Amino acid sequence: MEEDLHEYHGKNIEVSYDHNRCIHVRECVKGLPGVFDPNQRPWVDADNAEADEVARVIERCPTGALHYERTDDGTPEPVPSSNIVTATVNGPLYLHGDIVIRSNDEVVLEDTRIGLCRCGHTMNGPLCDNSHARVFEAAGNELADSVAGEGSEGKQVEEDDTEDPSDSEDSADQSDGKLIVTPTPNGPLILDGTFELRNSEGVSTRHDEAALCRCGGSANKPFCDGTHDRIGFTTEE
């Protein structure tokens, strides 16, 4: 993982942007086009809206490409108490919560919002770099995900119990704790910790651990089924 970090300073809030983590979901542009305008240079003007509004929109960035630091007495960026993993159709895994990525027994990234590759072609592994737009479109492959597939274990969450991670009010006494993500060499993503797994239709299950596919070839998406061995999937991170 390599950073390409840019900083934009406002009077009450400072915005940081990692170009390498941006996959152009455009939540920022849609949320505050007066602040986030890709047709302007610099493309971020943090003083074109109230700091609270800027913070609220940044927290909707699903990959963590955008973050902020308050320079006034405003509330700092929170660490969510609930861990939520969302498998998107023909796209990445979005992780929202208290997330730690480890490799070779070392912490390589701690964040509250991360987008992880699951097409197997990213050049910035294990993070998504938008390669899925090319790979899955060319293959005509629609990822059909089941949050309770064969070989997986999880407790079904009723629809009324699910929350939008961007709107939830977190409670410390109900914290899921840290979610440890370990990308294995030439293999799946190992998730260790309490989390809610959602598919593209919003169906959810609760898990304490899981092995999720990142080669793009599993027949039991989003779970790993060992296909990475058969197709010779390799990783370099």
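Residues numbered from 1 in each chain as written. Predicted model: local features only at pLDDT ≥ 70, side-chain atom pairs only at ≥ 80, totals over all residues. Heavy atoms only, no water.

S.K.: Quick one: what's the story with helix H2 (residues 51–58), residue by residue and with numbers?
M.R.: Along H2, the residues that are buried comprise Ala51, Val54, Ala55, Val57 and Ile58. Around the axis of H2, the buried residues are gathered within 165° of arc, so they sit on the same side. Those residues of H2 hidden inside the fold are in contact with strand S2 (13–18), helix H1 (27–31), strand S3 (66–70) and strand S6 (106–116). (Buried < 20%, exposed > 50% of the residue type's maximum accessible area, 1.4 Å probe, protein only. Helix = DSSP H or I, 4+ residues; strand = E, 2+ residues; numbered from the N terminus. Arc of directions from axis to C-beta. Contact = heavy atoms within 4.5 Å.)

S.K.: I'd love a proper account of the side chain of aspartate 111, names of residues and values included.
M.R.: With respect to the helices, strands and loops of the structure, aspartate 111 is situated in strand S6. Since its relative accessible area comes to 11%, aspartate 111 is described here as buried. Within the structure, the side chain of aspartate 111 is placed 2.9 Å from the side chain of histidine 67, a separation counted as a polar contact. For aspartate 111, the residues in contact, after removing those within four places along its chain, are Arg21, Gly64, His67, Gly97, Asp98 and Ile99. (Polar contact = N/O pair within 3.5 Å; in protein donor to acceptor, adjacent residues only side chain to side chain.)

S.K.: Hey, could you go over the sheet that holds S3 for me, with residue numbers and the actual values?
M.R.: Remark on secondary structure: sheet strands pair via backbone hydrogen bonds, oriented parallel or antiparallel. Ordered in space as S1-S2-S3, the three strands form an open sheet in which the pairing is antiparallel. In this open sheet, the two edge strands, each paired with only one partner strand, are strand S1 (5–9) and S3. Geometrically, the sheet is characterised by an average inter-axis angle of 20° between neighbouring strands, direction not taken into account. Relative to S2, S1 is paired through five bridges, and the arrangement is antiparallel. Residue pairing for S2: glutamate 7 is matched across the bridge by serine 16. Strands S2 and S3 of the sheet are contacted by H2, whose axis makes an angle of about 150° with S3. (Pairing = 2+ DSSP bridges. Axes fitted to C-alpha atoms, helices over the stretch in contact; angles between N-to-C directions.)

S.K.: Explain the pattern of salt bridges residue by residue, including any values.
M.R.: Tallied over the entire structure, the rule returns nine salt bridges. Close ionic contact of arginine 60 with glutamate 27 constitutes a salt bridge, the shortest N to O distance being 3.2 Å. Taken together, the positions of arginine 60 in the loop between H2 and S3 and glutamate 27 in helix H1 put the pair 33 residues apart, joining distant regions of the chain. Its relative accessible area of 33% is what places arginine 60 among the partly exposed residues. Given a relative accessible area of 24%, glutamate 27 falls into the partly exposed group. Among the ionic pairs, glutamate 196 bridges to arginine 198, the shortest N-O distance being 2.8 Å. (Salt bridge = Lys/Arg side-chain N within 4 Å of Asp/Glu carboxyl O.)

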